[in-house]
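Architecture at a glance
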Amino acid sequence: MTFYKLNEGKATPKAKFLVNAKKLNSDAMIAWEEIELMYYDTCSSCHAAHKPKEHLMGEWEAYILAMQTFAKINDDEKDRILRFMQAFAKDGIVKE
């Protein structure tokens, strides 16, 4: 997998990552399963967890950041939950 940097309309390779094809799955939902469970377990311990589609991608960052201390999650966990919520947001990239 290669990531490109766009500079003045020109794309140049920025970083390259190798992915073990045996670890890939044709069902994209399996990739989200673990973090979805973490989100609902963590966020429903104090209140009813909100569904990702309740907000836009841009709104989720503020909500997750505000709740990080209460949820007692580290930065890595916060980032993973945020990616999940943004992916499934009203305007997210994942369409169910």
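Description of the structure in this document. (Residues numbered from 1 in each chain as written. Predicted model: local features only at pLDDT ≥ 70, side-chain atom pairs only at ≥ 80, totals over all residues. Heavy atoms only, no water.)

Right, let's get into the overall build of the chain. Along the chain, the regular secondary structure elements total three helices and two strands. Ordered by position from the N terminus, the helices and strands of the chain form the series β-β-α-α-α. At 16 Å, the chain has a C-alpha radius of gyration far larger than the 12 Å of a compact globule built from 96 residues. Considered along the principal axes of its C-alpha atoms, the chain spans approximately 45 × 35 × 25 Å. When burial is assessed residue by residue, the chain has 23% of its 96 residues classed as buried. Summarising the internal contacts of the chain: among those between residues at least 6 apart in sequence, 49% fall at separations of at least 24. Roughly 7600 Å² of accessible area belongs to the chain as shown, and the carbon and sulfur atoms make up 56% of that amount. Where the 14 positive side-chain charges of the chain centre and where its 15 negative ones centre are 8 Å apart. (Helix = DSSP H or I, 4+ residues; strand = E, 2+ residues; numbered from the N terminus. Rg over C-alpha atoms; globule rule 2.2 N^0.38 Å. Buried < 20%, exposed > 50% of the residue type's maximum accessible area, 1.4 Å probe, protein only. Contact = heavy atoms within 4.5 Å. Areas by Shrake-Rupley, 256 points an atom, 1.4 Å probe, with all protein chains shown as cover. Lys, Arg positive; Asp, Glu negative; His and termini not counted. Charge placed at Lys NZ, Arg CZ, Asp CG, Glu CD.)

Right, let's talk about the pattern of salt bridges for a bit. In the structure shown here, the tally under the stated rule is two salt bridges. Between Glu34 and Arg80 there is a salt bridge whose closest N-O contact spans 3.8 Å. Taken as a pair, Glu34 in helix α1 (residues 28-43) and Arg80 in helix α3 (residues 75-87) lie far apart in primary sequence, 46 residues in all. Among the residues examined, Arg80 registers a relative accessible area of 24% and is labelled partly exposed. (Salt bridge = Lys/Arg side-chain N within 4 Å of Asp/Glu carboxyl O.)

Turning to helix α2 (residues 57-71), a few remarks are in order. Compared with the 21 Å implied by 1.5 Å per residue over 15 residues, the 20 Å span of α2 between its first and last C-alpha is a close match. The largest bend in α2 is about 25 degrees, located at Leu65. When we look at burial in α2, the residues that qualify are Trp60, Ile64 and Gln68. Where α2 is buried, its residues touch α1 and α3. One or two positions beyond α2, positive phi appears at Lys72, with a value near 60 degrees. (Expected span 1.5 Å × (residues − 1). Bend = angle between axes of the 7 residues up to and from the residue.)

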